[in-house]
Structures are given as C-alpha cells and as structure tokens.
Amino acid sequence: MQRPFRNYALAALAALLSVTASACAQANPGWQCATYAREISPVELRGNAWTWWQQADGRYDRGSEPKIGAVLVFKRTATMPQGHVAVVRRVISPREVLVEQANWGTRSDGGRGKVTSGDRVIDVSTKNDWTDVRVWYAPVNDFGRANPAYGFIYAPDLDPRTGIQWNATEDMPGSPG
C-alpha cells in the first residue's frame, strides 16, 4: 500500500521541480547592458544606457579616444530605444576596440541578455571621433549596421573595489615604446 503513495509523492515532487526549474529559467532573462557595464567597471551610473552620457557630465571624464576600461555609449535609435553601453577591454588601433557587453546578441536559447567578450567595434565616423560605430555580429559573420554613439566615458584611474588600474593605453604595433 505504501508503494503507490510513494510513487505518487515522487511523481508530484518531480512535477514540482520541473515547474520550478522552468520558472527559474523564465525569471532569468539575462543581463541588461547598463547593469552589466556597471557590474564590470567602476563607472557607477544607472538608468537607460543612452542617458549615461549626460549623467557622466561633471562626474567622469568623457571623450573620443578609446581607452581600456572606458564605457562606449551608444545613442538611442528606433532599433535601440534604450541605447547601449559596452566596456572597452582592448584597444586594437585608434579606430578599433574589443569590448565586453551584454544584450547585444541572442543567447543559444533565443533569449536576450547574452554576455559576450572580445567583440570587435570599429569607428566608421567621418571625423574619426567614435560618433558612428559598427559592431561585429557573429550570426551574420560581419559587422552590423552603423550605430550612432556619443563616445567614451572614462573609468576612474583606480577602481577602489578591485584595485584595477583603468584608462591604460596599449602600445600600438609599430609604435615607439
């Protein structure tokens, strides 16, 4: 008599775990770009990504020169109504960087919020000032459309949380140093 009850109890437990796992998967939609950039850099701004540029005024240095640890701020557009931010991890040249970012591409399950690192971004602006950029997009194996950007918000020189020295520059190949 106890065996059938035990089987029902195990079946009920299995069903509960299945529902819970499904709910957890839905409850974790992935990272938003602004939340992720704030998590991995010492730039402490909040709100939609496109608002970071104005929020940084008077708090952080801003400019058009790529530096390690800087946050590249994309303007909002019809296709990116909240804008976008990405953290520079490597400067390849004055017109190319590698960034770490969230929510640029889709996850393997089709959801948003994927975190990627080593994504190439090139400056395609006519004035070489990073106001128009293209980001490598793996699904099409090419750079995507041009996106308007404000420029870079520079992290404080020293991150008090981690002791990391930011705003470094790398010697370019063929440059003295």
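Keep in mind the model is a prediction, meaning the values are calculated, not measured.

Draft legend 1. Just the nonpolar core, in detail. Core analysis: the biggest nonpolar cluster contains 19 residues, and V43, L45, W52, V71, V73, V85 and I153 have the highest contact counts within it. Broken down by secondary-structure element, the contributors of at least two residues to this core are helix 2 (33–40), helix 3 (52–56), strand 2 (71–74) and strand 3 (84–93). Non-local contacts of V85, meaning those with residues more than four positions away in its chain, are made with C33, A34, A37, A49, W52, V71, L72, V73, F74 and Q101. One finds F74, V91, V121 and V133 within the second-largest nonpolar core, a separate group that totals 18 residues.

Draft legend 2. Structural detail: the pattern of salt bridges. Using the criterion set out here, one finds four salt bridges in the structure. For D57, the salt bridge identified is with R62, shortest N-O distance 3.3 Å. On the basis of relative accessibility, which here comes to 46%, the residue D57 falls in the partly exposed class. You can call R62 partly exposed: its relative accessible area is 30%.

Draft legend 3. Spatial organisation of unusual backbone geometry. The backbone of N128 sits at a positive phi, close to 55 degrees, despite the residue not being glycine. At W130, a position not held by glycine, the phi torsion is positive, near 60 degrees. On the basis of relative accessible area, W130 is assigned to the buried category, the value being 0%.

Draft legend 4. Main features of the environment of R38. With respect to the helices, strands and loops of the structure, R38 is situated in helix 2. Sequence-wise, R38 and V87 are 49 residues apart; in three dimensions their C-alpha atoms are separated by 9.2 Å. Polar side-chain contacts of R38 include one of 2.8 Å to the backbone oxygen of L45.

The rules we used
- Residues numbered from 1 in each chain as written.
- Predicted model: local features only at pLDDT ≥ 70, side-chain atom pairs only at ≥ 80, totals over all residues.
- Heavy atoms only, no water.
- Core = buried A, V, L, I, M, F, W, Y, C linked by side-chain atoms within 4.5 Å.
- Buried < 20%, exposed > 50% of the residue type's maximum accessible area, 1.4 Å probe, protein only.
- Helix = DSSP H or I, 4+ residues; strand = E, 2+ residues; numbered from the N terminus.
- Contact = heavy atoms within 4.5 Å.
- Salt bridge = Lys/Arg side-chain N within 4 Å of Asp/Glu carboxyl O.
- Polar contact = N/O pair within 3.5 Å; in protein donor to acceptor, adjacent residues only side chain to side chain.

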